[in-house]
Amino acid sequence: MGFSYRHNRLHCDEVDFQTLARQYGTPVYVYSESILRRNAEVIKTCFIDDGFDVSYAMKANPNPEILSLFKTYGFGVDIVSAGELQMAHYSGFKGSEINFAGVGKTQAELKLALENEIDHFNVESQFELDQLETQAALMGRQARVLLRLNPDIDPQTHPHISTGLKQNKFGMGSELVSHILTHAREYPHIQFDGLHCHIGSQITNPQPFLDLIDYLQRYTNELSQSGVKLSHLDLGGGFGVNYENPFEDILTTTPYLETYAKSAKAKLGRYKLHIQPGRVLVANSAVLLSRVLGVKENGDHYFVVIDGATTDLIRPALYNAYHHISPCERKENTRLGDVVGPVCESSDVLAKNRELPEFNSDDLLTVASAGAYASSMGSTYNLRPRSPEILVGVDGSTRLIRRRQTFEEMTTLYQI
Ligand code: LLP
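Read on for an overview of the structure. (Residues numbered from 1 in each chain as written. Predicted model: local features only at pLDDT ≥ 70, side-chain atom pairs only at ≥ 80, totals over all residues. Heavy atoms only, no water.)

Regarding the environment of E409
Next, step 1: Here E409 lies in helix α13 (residues 407-411).
Next, step 2: Within the local environment of E409, its side chain forms a polar contact with the side chain of R403, the two groups lying 2.6 Å apart.
Next, step 3: Within polar-contact distance, the side chain of E409 engages the backbone nitrogen of T406 at 2.9 Å. (Helix = DSSP H or I, 4+ residues; strand = E, 2+ residues; numbered from the N terminus. Polar contact = N/O pair within 3.5 Å; in protein donor to acceptor, adjacent residues only side chain to side chain.)

What follows is the structure, given as structure tokens:
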């Protein structure tokens, strides 16, 4: 299942990458349906079957094929914009299966979400709460709210994707949250149902999560003593994956899922518990298939120039993230160097200082773990069309699930 070598050639399930490159061109994201299903199944078993609500954080990958596949496992969606709301609807989710997170929501977005009767808002600030109260009053609606608490817990991850510390822009401190909840009557159009925390992303050490569970246990006890009654706790997402060994099973790359669910259940089980995983469901389900344009040396530095770029996968440039490089045809010799794209930026690097197979022009390679925050963070910088996505089905079929952008589609927005 998934990505593996057969007779020294890399395959996605039964399908050879050479065949895919011939049929669809490069660069292209290649997804394995069997991995997507395996990941969804594990999250369902660990969490939904234990009474949790699971909302897929669609910012990780909003492809409607993936969204509707996850829907069949009983997941809702966590959205952060009006665009994601539209995509959730397009993919078949009802309002009652949608929650709206995010540190800044426009008045138009609040209105749209109320009109669509979404399940609840995760509110991150006093100003947002005031604006939501005003909007709900105007529309004669009641908005269900979980307040996002910033617990000041260090998630021990890259600073750009840490959200649970005081210096991060997300959520509200416990004093403000307590103040709001003990003055709930001042917000007649808000139904305060619970708390939301999301401390960061790509968390590989379970300890920060366990600290969060303990923190919430203490804090919710304090709130109950002040007479505040809540029914829901959303623990957010953030489950990390193993980028060094990307072709492993989800329970190997993220081994603490079961312990985490059990611990949350044991300590916070009197609440309806939610999680909002993104990355763990999709990261290892896809690779970026690229062709080597050529190899070059500048002094003693060796570069492999490929047709994929940071416009397809910005994570190495943005977070210095490691993504595994695999040749589509196994090679004997290796050489230290960088894999870079054609974009006019020195930071257009997919892999840096890596012991790489000795590539030649026209070789194919894959950049792994391209299912999460890859296509969704893609851009058209240098007027490069957005790359297509294909799905290798469990039945061995392959099909486009997003086509390559055309040049007309890029230029048309300038015709005003
Ligand atoms: N819930 C909230 C409120 C979030 O802000 C996020 C991610 C998630 C859930 C899902 O987190 P996950 O399970 O995927 O870790 N672009 C970065 C990741 C940014 C994450 C933003 N928020 C990256 O490529 O690593």
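Still more ground to cover, so stick around.
A short note on the packing of aromatic side chains
Next, step 1: Taken as a whole, this structure holds 16 aromatic pairs when the rule is applied.
Next, step 2: Ring geometry for Y187 and F192: centres 5.7 Å apart, planes at 80°, overall edge-to-face. The residues Y187 and F192 share a single accessibility class, namely buried.
Next, step 3: A network of ring pairs unites the aromatic residues F47, F52, F209, F239, Y256 and Y260 as a single cluster.
Next, step 4: The cationic tip of K71 hangs over the ring face of F93; the distance from NZ or CZ to the ring centre is 5.7 Å.
Next, step 5: Residue placement shows K105 over the ring face of F100; its charged tip is 5.4 Å from the ring centre. (Phe/Tyr/Trp six-rings, centres within 6.5 Å; stacked < 30°, edge-to-face > 60°. Buried < 20%, exposed > 50% of the residue type's maximum accessible area, 1.4 Å probe, protein only. Lys NZ or Arg CZ within 6 Å of the ring centre and 35° of its normal.)

Some thoughts on the site of the ligand
Next, step 1: What surrounds the ligand is a group of 19 residues, the closest being S201, Q276, R315, Y319 and Y373.
Next, step 2: S201 places a side-chain nitrogen or oxygen 2.4 Å from an oxygen atom of the ligand.
Next, step 3: In isolation the ligand has 580 Å² of accessible area, and contact with the protein removes 92% of it.
Next, step 4: For the shell around the ligand, a count of residues per class yields six nonpolar, eight polar and five charged.
Next, step 5: The two domains that each donate at least three residues to the shell around the ligand are domain 1 (3-30 + 284-414) and domain 2 (33-281). (Near = heavy atom within 4 Å. Areas by Shrake-Rupley, 256 points an atom, 1.4 Å probe, with all protein chains shown as cover. Nonpolar A, V, L, I, M, F, W, Y, C, P; charged D, E, K, R; others polar. Domains from an automatic or database assignment.)

Focus: the sheet that holds strand β3 (residues 15-16)
Next, step 1: Read across the open sheet, the three strands follow the order β1-β2-β3; overall the sheet is antiparallel. Of all the strands in the sheet, just β1 (3-6) and β3 have a single pairing partner and so form its edges.
Next, step 2: With four bridges joining them, β1 and strand β2 (residues 9-12) adopt antiparallel strand pairing. Note on β2: the bridge partner recorded for F3 is C12. (Pairing = 2+ DSSP bridges.)

Side note on helix α6 (residues 126-139)
Next, step 1: Its 14 residues place the ends of α6 20 Å apart at the C-alpha level, agreeing with the 20 Å of an ideal helix rising 1.5 Å per residue.
Next, step 2: For α6, the set of buried residues is E128, L129, L132, E133, Q135 and A136.
Next, step 3: Residues of α6 that are buried make contact with α5 (107-115), β8 (120-123), β9 (143-148), α7 (174-182) and β10 (190-196).
Next, step 4: Taken from the residues just after α6, G140 is the one with a positive phi, measuring 65°. (Expected span 1.5 Å × (residues − 1). Contact = heavy atoms within 4.5 Å.)

A look at the environment of N63
Next, step 1: With respect to the secondary-structure elements, N63 resides in the loop between β5 (53-57) and α3 (64-71).
Next, step 2: Relative accessible area serves as the criterion here: at 4%, N63 is assigned to the buried category.
Next, step 3: Spatially, the C-alpha atom of N63 lies 8.9 Å from that of E389, the residues being 326 residues apart in sequence.
Next, step 4: With near-sequence residues (within four places) excluded, N63 lies in contact with E389, I401 and R402.
Next, step 5: Of note is the side chain of N63, whose polar atom sits 3.2 Å from the side chain of E389.

Any link to function would need more than the numbers given here.
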